[in-house]
Amino acid sequence: MTPSRPKITIDPESFKKVISLEAFACELPTDEIPAQGMSSDAAYLAINYEMELDGDPRHNLATFVTTFMDNHARKLISENLHRNFIDHAEYPQTAEIEQRCIRMLSKLYHAPEGAQPMGARCQGSSEAIMLGALAMKWRWRAKREAAGQDTAKPNLVYGADVHVVWDKFCRYFDVEPREIPLTPQRFTIGPDDVAPHIDENTIGVVGVIGTTFTGENDDIVGINDLLVKIKRDRGLDIPLHADGASGGFVMPFIYPDHPWDFRLEQMSSINVSGHKFGLVYPGIGWLIFRDRSELPEDLVFYENYLGKVDATFTLNFSTGAAMVLAQYYNFLHYGHDGYQAIIESMKRNADDLADRIAAMEEFEVLTPEVQLPLVAFTVAEGQSFTAYEVADQLARIRGWMVPAYALPNNAQETVMLRILVKENLGRSLINQLVKDIAEAVATLKSQASGKGSGPVAVHTGTGY
Ligand SMILES: *Cc1c(COP(=O)(O)O)cnc(C)c1O
């Protein structure tokens, strides 16, 4: 006989006295707006309970996006959540601060002497890329039309190491993607890869500064040299765009002598994510042109809005002003030396982590000369486990989120593990992570030997 359960009756009135009871005992509506609402305390609690099911952003070693801002930044953000960025007539100071950020970035990226700074605050690099690529398409078309040439078949040249947003741009805006495959040994592209794909219908070439896959750079100097040569030899003036979503806030601070930006002759526009190494919470990115003249006039919309003529070059309209202010706050507060100190520390921690993973015979670490503050590594040949299993174990051991993924064509045989080192992964956490990686390896090895694949040496992880 099953024991009878105690009978419990909950008095609905008691919900109102015990807020947490309402959040605890009621099912939350999921398909229809409820006829009657619940108290704000209970709704707040209920949603927070659900958020605990999500990964903790501080354990997220997969994301490039900022997961830490200081208290003043958070205060500034929360005090400006009610400010709509696009209302330039009512909030002219917000618009002015956007322009200050654009001028600062334009300078940081070595816009030529005398150039007129031009750019846009965007929701992220994705919007910045759509707008920058549209500008390339418009300029190409205007030039072709002026010369009485066909404009039916624009193409854009980039490597398979780009972010998916470039494929999205091509599909949404009807441009032929000329995607160059990688090789099993090389995960970026250079001039020799690009050259065969260029023709008179090429609206531009994209170079990635800090790929999402391995954190490396395309050979953008080599690609620029190729485009300069094509301009001289064939009269085709093809612009170069740098996707610096991550690298745009890394290169200037730890590789200042590496000319990836407007120091290159063909570099026409650059996108960067403020919410990656710009150290701002998500939604902010920037598009920066070499000069005002790179932005075709007919992509700018002039309209009389609320009694004032306003010019906009955006895909979105209304959006929060808080992240623009937070970006400016970081520029003011950190300054160049602060950014440099932070990015350098990240890179130092990443290099240290890389050395310690490389010391484990079970892994191989990718160590290019120039790389974002991250560690990209693979499971060495002949191991009894896969990268996916390592990622799985790390999640089990301490909730670490470390992605394992196959590289794009034709490098898909390589399965990478990647650890971003941001401000949430300090020295002592790195020590812990190294121990946890060693433990994951030991567990996987003992599991393999338990399955009868013979004895394997167990890596204890001591000494890390
Ligand atoms: C993150 C990323 C993007 C997309 O940027 P969002 O700011 O997330 O829109 C594009 N390109 C690269 C190289 C990236 O790393």
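Computed from a predicted model, the values in this text were never measured in an experiment.

1. What to know about the nonpolar core
Then, in step 1: Counting residues in hydrophobic clusters, the biggest one holds 74 residues, and the most contacted among them are Leu-105, Tyr-109, Val-194, Val-205 and Trp-286.
Then, in step 2: Sort the elements by how many residues they give to this core and helix α11 (residues 322–358) lands first, with 13 residues.
Then, in step 3: The residues that make up this core include at least three from each of domain 2 (78–330) and domain 3 (344–449).
Then, in step 4: If we ignore the near neighbours within four places in the chain, the residues touching Leu-105 are Phe-249, Val-272, Trp-286, Ile-288 and Phe-331.
Then, in step 5: Ala-387, Val-421, Val-434 and Leu-444 belong to the second-largest nonpolar core, a separate cluster that totals 30 residues.

2. Let's talk about the domain arrangement of the protein
Then, in step 1: Domain annotation for the protein reports domain 1 (12–54), domain 2 (78–330) and domain 3 (344–449).
Then, in step 2: The distance between the C-alpha centroids of domain 1 and domain 2 comes to 44 Å.

3. Structural notes on the packing of helix α5 (residues 92–108) against α11
Then, in step 1: Here α5 crosses α11 at 45°, and the two axes come no closer than 9 Å. Considering the angle they form, α5 stands oblique to α11. Helix-helix and strand crossings are classified by hand; for α5 and α11 the assignment is left-handed. Along its contact with α5, which presents Ile-97, Glu-98, Arg-100, Cys-101, Met-104, Leu-105 and Leu-108, the element α11 presents Val-324, Leu-325, Gln-327, Tyr-328, Phe-331 and His-336.

4. Section: the sheet that holds strand β2 (residues 155–159)
Note on sheets: strands pair through backbone hydrogen bonds, and any given pair is parallel or antiparallel.
Then, in step 1: The seven strands are arranged β1-β7-β6-β5-β4-β2-β3 in an open sheet whose pairing can be described as mixed. Two strands close off the open sheet at either side, each with one partner strand: β1 (118–122) and β3 (176–180). Across the sheet, the axes of successive neighbouring strands diverge by a mean angle of 20°, strand direction being ignored.
Then, in step 2: In this sheet, strand β5 (residues 240–243) lies alongside strand β4 (residues 202–208) in parallel orientation, the contact comprising four bridges. Bridged to Val-208 within β5 is Asp-243.
Then, in step 3: In this fold helix α6 (residues 125–146) packs onto β1, β2, β4, β5, β6 (267–273) and β7 (285–289), with an angle of close to 25° to the strand it touches most, β7.

The rules behind these values
- Residues numbered from 1 in each chain as written.
- Predicted model: local features only at pLDDT ≥ 70, side-chain atom pairs only at ≥ 80, totals over all residues.
- Heavy atoms only, no water.
- Core = buried A, V, L, I, M, F, W, Y, C linked by side-chain atoms within 4.5 Å.
- Buried < 20%, exposed > 50% of the residue type's maximum accessible area, 1.4 Å probe, protein only.
- Helix = DSSP H or I, 4+ residues; strand = E, 2+ residues; numbered from the N terminus.
- Domains from an automatic or database assignment.
- Contact = heavy atoms within 4.5 Å.
- Axes fitted to C-alpha atoms, helices over the stretch in contact; angles between N-to-C directions.
- Parallel < 35°, antiparallel > 145°, perpendicular 65-115°, else oblique.
- Left-handed = near helix turned anticlockwise from the far one by under 90°.
- Pairing = 2+ DSSP bridges.

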